[in-house]
Amino acid sequence: MSGEIFLDWCITIAMIFLIISFFVTTYRVIIGPTLPDRIIALDMLVGIAIGFIAVIGLKTGYYLYVDIAIALGLVGFLATVALARFVLERGISASDAASQDKNKKGDV
Amino acid sequence: MDYIAGILVIVGGFFALVASLGLIRLPDLYSRTHAASKAGTVGSGLMMIALAVTASDTGTAIRALAGVLFFILTAPIAAHLLARAAYKVGYKLWDGSVADEMAQSKQTDQ
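Cut-offs used in this document
- Residues numbered from 1 in each chain as written.
- Chains lettered and ligands numbered in written order.
- Predicted model: local features only at pLDDT ≥ 70, side-chain atom pairs only at ≥ 80, totals over all residues.
- Helix = DSSP H or I, 4+ residues; strand = E, 2+ residues; numbered from the N terminus.
- Rg over C-alpha atoms; globule rule 2.2 N^0.38 Å.
- Buried ≥ 20, exposed ≤ 12 C-beta atoms within 10 Å, placed from the backbone.
- Contact = placed C-beta atoms within 7 Å.
- Core = buried A, V, L, I, M, F, W, Y, C linked by C-beta atoms within 7 Å.
- Axes fitted to C-alpha atoms, helices over the stretch in contact; angles between N-to-C directions.
- Parallel < 35°, antiparallel > 145°, perpendicular 65-115°, else oblique.
- Nonpolar A, V, L, I, M, F, W, Y, C, P; charged D, E, K, R; others polar.

Draft legend 1. Layout of the overall build of chain A. Across its full length, chain A holds four helices and zero strands. Ordered by position from the N terminus, the helices and strands of chain A form the series α-α-α-α. Against the compact-globule benchmark of 13 Å for 108 residues, chain A has a radius of gyration of 18 Å, which places it well outside the compact range. Here chain A, with 108 residues, has 39% of them falling under the buried criterion. A fraction of 54% describes how many contacts in chain A between residues 6 or more apart in sequence connect residues 24 or more apart.

Below, the structure written as structure tokens:
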């Protein structure tokens, strides 16, 4: 097996992994249950998008997107920091506190 | 070089998959932070390194590696800030958690 065919297969498999993790992480964003859960899932989505950019750059040879990946990483970091500050300022919301108590009963 | 890049890409994809499974399966916010920040960073970082390995010119490779360095620097900061903010405003740990070392420091603060 030559190197290029091997790399092609690896890219396909990695793409499948990335797609699965993208959907699973999106599911966590949708179901929550609390705001910090959603924030951490959105942070993870940025990481997956960077992975997509790297894999597509490998596949097509458009290395231009590497700069966009770096900018996206910066934006994701700043967004997470800003949302963390928001959580700190706002405190725990009533609906989050309620869903927390519900989870507690379910686990026991 | 193609073989190295292929293996790096698959391992990176596997790490991203494990991170997202941890995100969906782990019981509370703090353990989810642990999965997403560590495994997620390694996943995207390995794929960027694979791109750096196959890149034909040095500039692209260096930019990709600088990106990896940047993600490794920022991901723990973001995760720490978020977990600390959530802990301070009173999001509870999972009932099965065995250690809560910040509970004591919170009491001494007050």
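Draft legend 2. Seen up close, the nonpolar core. Formed by 61 residues in total, the largest nonpolar core has its most connected members in A54 and V55 of chain A together with V9, M48, A50, L51 and L82 of chain B. Taken together, the elements giving at least two residues each to this core come down to α1 (3-31), α2 (35-60) and α3 (65-90) of chain A together with α1 (2-25), α2 (29-54) and α3 (58-89) of chain B. Non-local contacts of A50 of chain B, meaning those with residues more than four positions away in its chain, are made with A54 and L58 of chain A together with A5, L8, V9 and G12 of chain B.

Draft legend 3. Inspection of the environment of L73 of chain B at higher detail. All names here are of chain B. Within the secondary structure, L73 is located in helix α3. Overall, the presence of 12 C-beta atoms within 10 Å leaves L73 in the exposed class. The sequence separation of L73 and S20 amounts to 53 residues, and the corresponding C-alpha distance is 21 Å.

Draft legend 4. Spotlight on the packing of α2 of chain B against α3 of chain B. Residue and element names in this part refer to chain B. At a minimum axis separation of 9 Å, α2 and α3 run at an interaxial angle of 175°. Taken together, the axes of α2 and α3 are roughly antiparallel relative to one another. Among the residues forming the contact of α2 with α3, the class breakdown is 18 nonpolar, six polar and no charged.

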